[in-house]
Each structure stands twice: as C-alpha cells, then as structure tokens.
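Examining the three-dimensional arrangement
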Amino acid sequence: LLTSISTVIFYLLLLSTRNLVVITIAIGGLGFSMSGIYPTTISTVGNTIKKYPMAMGVLLMIGGIGAIAMPIITGALADTFGIFAGMSAIIGAIIAMIIFIIIQIKYQEEWLFYEWEKIKKYVDKEVLNWYNTPCRLDSTYVTKKDKKRN
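Let us look at the structure shown here. Please read these numbers as outputs of a predicted model, since none were measured by experiment.

1. Details of the overall build of the chain
- In terms of regular secondary structure, the chain is built from seven helices and two strands.
- Along the chain, from the amino end to the carboxyl end, the secondary structure elements read α-α-α-α-α-α-β-β-α.
- Taking the intrachain contacts of the chain between residues at least 6 apart in sequence as the baseline, contacts between residues at least 24 apart amount to 34%.

This is the structure in structure tokens:
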C-alpha cells in the first residue's frame with residue numbers, strides 16, 4: 001500500500017510541475033516507488049503459483065496486456081486532448097492498483113484469521129493430548145494432569 005500511495009504522489013508531482021529539478025525528483029521517486037510492485041505481487045501470489053503453476057503465465061499475460069494497452073490509450077488521449085490528458089490516463093491504472101491492493105489486504109486479513117484459527121485448534125489439541133499423556137510416577141502410570149493435582 002505504501003508503494004502505491006508513493007507512486008500516486010510522485011506521479012501527481014510529475015504532472016503538476018514544469019520545473020526540471022522537481023520533474024527529475026518525481027521521475028526518480030516514481031521509479032523507486034514502483035520498483036517494489038512486481039516483487040510484492042510475486043510474493044503475495046507465491047502460494048497460488050506453487051499450487052497452480054499456470055497462474056504465473058496468467059499473471060504475466062495480464063501484465064503484458066497492460067503494457068500493450070496503456071501506451072495505446074495514453075497516445076490516443078494525447079493526440080485527441082493533449083499530452084496532459086494522455087498522461088492523466090495512467091491515473092486510472094494507479095487508482096485500479098490501489099483498489100486491488102485494498103481488496104488484497106482485506107482478503108489477506110480474513111485468510112490470516114482463518115489460518116490462525118486452524119493453527120490454534122491444532123495447538124490446543126496437541127497441548128491437550130500432551131497434558132493427558134500417561135507418564136511413569138512411582139511405578140504407576142498417571143497423567144500429567146493427575147500428577148499436577150498431587
């Protein structure tokens with residue numbers, strides 16, 4: 001989420017100025033903030049890729065379609081309405097990215113809660129099994145629970 005927000009900030013900074021120093025800083029910041037998007041995406045879908053190897057191909061295909069479509073859309077808008085309108089079209093892609101990240105965060109919270117409940121049930125069951133496991137005490141078998149009572 002942080003990389004997406006910083007991408008928006010640097011992109012809006014890039015569009016809003018004509019100062020060469022600010023443009024240079026905005027381009028550097030935009031590149032730096034966008035550099036974390038691909039590795040974060042791959043690590044987020046890592047389990048899905050392990051389970052369904054074709055998912056990586058689908059992910060790359062979607063990225064390729066975006067890489068083909070965005071310059072076409074940007075160029076068409078720039079030819080029709082001017083360069084600012086063309087560059088502003090990318091804001092739609094950035095907004096879509098933020099929406100998908102928010103959905104992912106919500107999904108991940110639910111998934112983590114579900115996984116935690118499964119782990120908790122397993123741990124509780126194992127602790128209960130250990131607690132009721134017989135152990136040898138003075139040549140008789142008693143459970144750890146009985147031992148604790150004595």
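2. Focus: the nonpolar core
- Counting eight residues, the largest nonpolar core is built from Tyr11, Leu14, Leu15, Ala26, Leu30, Ile94, Met97 and Ile98.
- Elements with a contribution of two residues or more to this core: helix H1 (2-16), helix H2 (20-34) and helix H6 (83-131).
- If near-sequence neighbours (up to four positions away) are discounted, Ala26 is found in contact with Phe10, Leu13 and Leu14.

3. With respect to the packing of H1 against H2
- Between H1 and H2, the least distance of the axes is 8 Å, while the angle of their chain directions is 160 degrees. Here H1 lies roughly antiparallel to H2, going by the angle between them. Note on packing geometry: the crossing formed by H1 with H2 is left-handed. On H2, the residues touching Thr3, Ser6, Thr7, Phe10, Tyr11, Leu13 and Leu14 of H1 are Val22, Ile23, Ile25, Ala26, Ile27, Gly29, Leu30, Ser33 and Met34.
- Of the residues assigned to the contact of H1 with H2, the class counts are eleven nonpolar, five polar and no charged.

4. Some remarks on the environment of Ser88
- In this structure, Ser88 sits in helix H6.
- For Ser88, a relative accessible area of 21% corresponds to the partly exposed category.

Here is what the cut-offs are and how they apply
Residues numbered from 1 in each chain as written. Predicted model: local features only at pLDDT ≥ 70, side-chain atom pairs only at ≥ 80, totals over all residues. Heavy atoms only, no water. Helix = DSSP H or I, 4+ residues; strand = E, 2+ residues; numbered from the N terminus. Contact = heavy atoms within 4.5 Å. Core = buried A, V, L, I, M, F, W, Y, C linked by side-chain atoms within 4.5 Å. Buried < 20%, exposed > 50% of the residue type's maximum accessible area, 1.4 Å probe, protein only. Axes fitted to C-alpha atoms, helices over the stretch in contact; angles between N-to-C directions. Parallel < 35°, antiparallel > 145°, perpendicular 65-115°, else oblique. Left-handed = near helix turned anticlockwise from the far one by under 90°. Nonpolar A, V, L, I, M, F, W, Y, C, P; charged D, E, K, R; others polar.

These values are about where atoms sit, not about what they do.
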